Amino acid sequence: MKNFEFYTPTKIFFGQGRENEIGQILSERNAHKVLIVIGKGSVIKSGLLERVVCSLNQSKIEYVILQGVRANPTFDLVREGIKLVRENNVDYILPIGGGSVIDTAKCIAVSYDYEGDIRDFNARKVTPTHALPIGVILTISAAGSEMSSSCVVQDDETMMKNGFNSDFNRPAFVIENPELTYSVSKEQTAYGIVDIVMHSLERYFYQSEEYELADDIALAVIKNVFDVGLLCFNNPTNYEYRAKIMLDSSLSHNGITHIGKGLSMPVHQLEHALSGLYPNIAHGLGLAVLWPAWAKYYYKYDLDKFAKLGEVVFSIHKDDKEKAALETIERIQKYFDELGMPRTLKALGLREKDINSLVEIASRKGTRVIAHHSKDMDEEVMRIIYNSCMC
């Protein structure tokens, strides 16, 4: 096990109606003026924003609203948020939504008083030294940003989608009421399920020591997602299913599933190139297409782990580890099929000519490889994987 530091400051307020306590929660944290960050309007239509504002008013907490966050959020809206923070002396940020809204809030929080180019954080040119505190009201189970140290924002100018990690990105608290996810469409629910399971799958497949505790934790989360994901997908207003998926979302990306290990997230890097090139492609959708292609290339370098995954999650017991690994990959592929996920990049609207652009973005014009303990993913391997799921 590697030396590590593990920090999880995010307090969870879990259960029915907890969003109505937001005024009291923020008041106890000495918040006076809040920047509310929301998406295109679903929290307005649902009445959630009205309830939040009512609670803030009762606690005499002032607020301003930043609206319009899209999937694969952009720096343009971050800059608008920074302007609101500065003009209104905001001292707390309250994203209401999912990963895109939360990551927008995170980027505002660490860069609100930075005088340079706010993209410097994503480019790793500067490291955050402080941030405005963030509280989250979660409305979709997917990205896990509500408890993670990561922040991912899209740069439309360069078509680069990347991020940075910092403990200053971690929210102070998150309100998780599974009922707030009832109105999430089946399509978005499916994307979320893929995203959640991928966060732990990617961590599980990083190189491990024998008897690695983090692997057992990751496998437990992965199994729970596969056990309840389709139930949640097919029964969208079942509280218990929604509750389990919501908690899986938080635990899958807060660091516990790779505690004492390293981290590289190779399939996420491939997908960031994809949605960087085509921002309309949902993150979970891209992951569902790319992970089986990555797995079919890399399984032979990690037979033991693939076989153990199949045994724990799908009760696949075979003496031949290669057969076990291939059956495991096929079971996951079929699971994605049941969620309505496509199998090819072509189905997402890509053409053969896009492969060169994907490789260029993922490899940063040939300046990086994505680490793997047996075989690093260089431009050649990236091209093979992209091509293998093209049609």
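Parameters and conventions
- Residues numbered from 1 in each chain as written.
- Predicted model: local features only at pLDDT ≥ 70, side-chain atom pairs only at ≥ 80, totals over all residues.
- Heavy atoms only, no water.
- Phe/Tyr/Trp six-rings, centres within 6.5 Å; stacked < 30°, edge-to-face > 60°.
- Helix = DSSP H or I, 4+ residues; strand = E, 2+ residues; numbered from the N terminus.
- Buried < 20%, exposed > 50% of the residue type's maximum accessible area, 1.4 Å probe, protein only.
- Lys NZ or Arg CZ within 6 Å of the ring centre and 35° of its normal.
- Pairing = 2+ DSSP bridges.
- Axes fitted to C-alpha atoms, helices over the stretch in contact; angles between N-to-C directions.
- Contact = heavy atoms within 4.5 Å.
- Polar contact = N/O pair within 3.5 Å; in protein donor to acceptor, adjacent residues only side chain to side chain.
- Parallel < 35°, antiparallel > 145°, perpendicular 65-115°, else oblique.
- Left-handed = near helix turned anticlockwise from the far one by under 90°.
- Expected span 1.5 Å × (residues − 1).

Novice: Can you tell me about the packing of aromatic side chains, naming the residues and giving the values?
Specialist: What the rule picks out here adds up to 17 aromatic pairs. Ring centres 5.1 Å apart and planes at 65° place the aromatic pair Y114 and F121 in the edge-to-face group. Between W291 and W294, the aromatic rings sit 6.3 Å apart at their centres with planes inclined by 40°, giving tilted as the arrangement. Of this pair, W291 and W294 both sit in helix α10 (residues 283-298), separated by 3 residues, roughly a single helical turn. The two residues W291 and W294 agree in class, both being buried. One aromatic cluster is present, built from ring pairs that chain together Y204, F205, W291, W294, Y297, Y298, Y301 and F306. In this structure, K300 is placed above the aromatic ring of Y297, and the distance from its NZ or CZ to the ring centre is 4.4 Å. In this structure, K305 is placed above the aromatic ring of Y204, and the distance from its NZ or CZ to the ring centre is 4.8 Å.

Novice: So what's going on with the sheet that holds strand β4 (residues 92-97)? Which residues, and what values?
Specialist: The parallel open sheet is built from 6 strands, whose spatial order is β1-β8-β5-β4-β2-β3. Each having just a single partner strand, β1 (11-14) and β3 (62-66) make up the two edges of the open sheet. Each adjacent strand pair in this sheet contributes to an overall mean axis angle of 20°, direction not counted. Strand direction decides the pairing type here: strand β2 (residues 33-37) and β3, joined by 5 bridges, are parallel. Pairing of L35 across the sheet is with V64, part of β3.

Novice: Could you give an account of the side chain of T328, with specific residues and numbers?
Specialist: Topologically, T328 is positioned in helix α12 (residues 321-338). On the accessibility criterion, T328 (0% relative accessible area) is buried. Not counting chain neighbours up to four residues away, the residues in contact with T328 comprise F306, L309, G310, F314 and I316.

Novice: Outline the side chain of E202, supporting the account with residue identities and numerical values.
Specialist: Mapped onto the elements of the fold, E202 is located in helix α6 (residues 186-204). Of note is the side chain of E202, whose polar atom sits 2.8 Å from the backbone nitrogen of H268. Ignoring any residue separated from it by four or fewer positions in sequence, one finds E202 in contact with M265, P266, V267 and H268.

Novice: An account of the packing of helix α11 (residues 303-314) against α12 is requested, with residue identities and associated values reported.
Specialist: Closest axis-to-axis distance for the α11/α12 pair is 8 Å, and the angle between their directions is 55°. Judged by the angle between their axes, α11 and α12 are oblique. Relative to α12, α11 is oriented so that their crossing is left-handed. Across the interface between the two elements, L303, D304, F306, A307, L309, G310 and F314 of α11 pack against K321, E322, A324, A325, T328, I329, R331 and I332 of α12.

Novice: Describe the pairing of β2, with residues and values.
Specialist: Counting buried residues along β2, 5 of its 5 residues qualify, which places the element largely inside the surrounding structure. What you see with β2 is no split at all: K33, L35 and V37 on one side and V34 and I36 on the other are buried throughout. Bridging between β2 and β4 involves 4 bridges; their strand directions are parallel. Directly across from L35, in β4, lies its bridge partner I93.

Novice: Provide a residue-level description of helix α8 (residues 239-252), including the pertinent values.
Specialist: Helix length check: α8 (14 residues) gives 20 Å between terminal C-alpha atoms against 20 Å at 1.5 Å per residue, within 8%. Among the residues of α8, those classed as buried are R242, A243, I245, M246, D248, S249, S250 and S252. On its buried side, α8 packs onto β1, β5 (135-138), β8 (173-176), α6 and α7 (213-234). The distance from a side-chain oxygen at the start of α8 to the backbone nitrogen of E240 is 3.1 Å, and the residue carrying that oxygen is N238.

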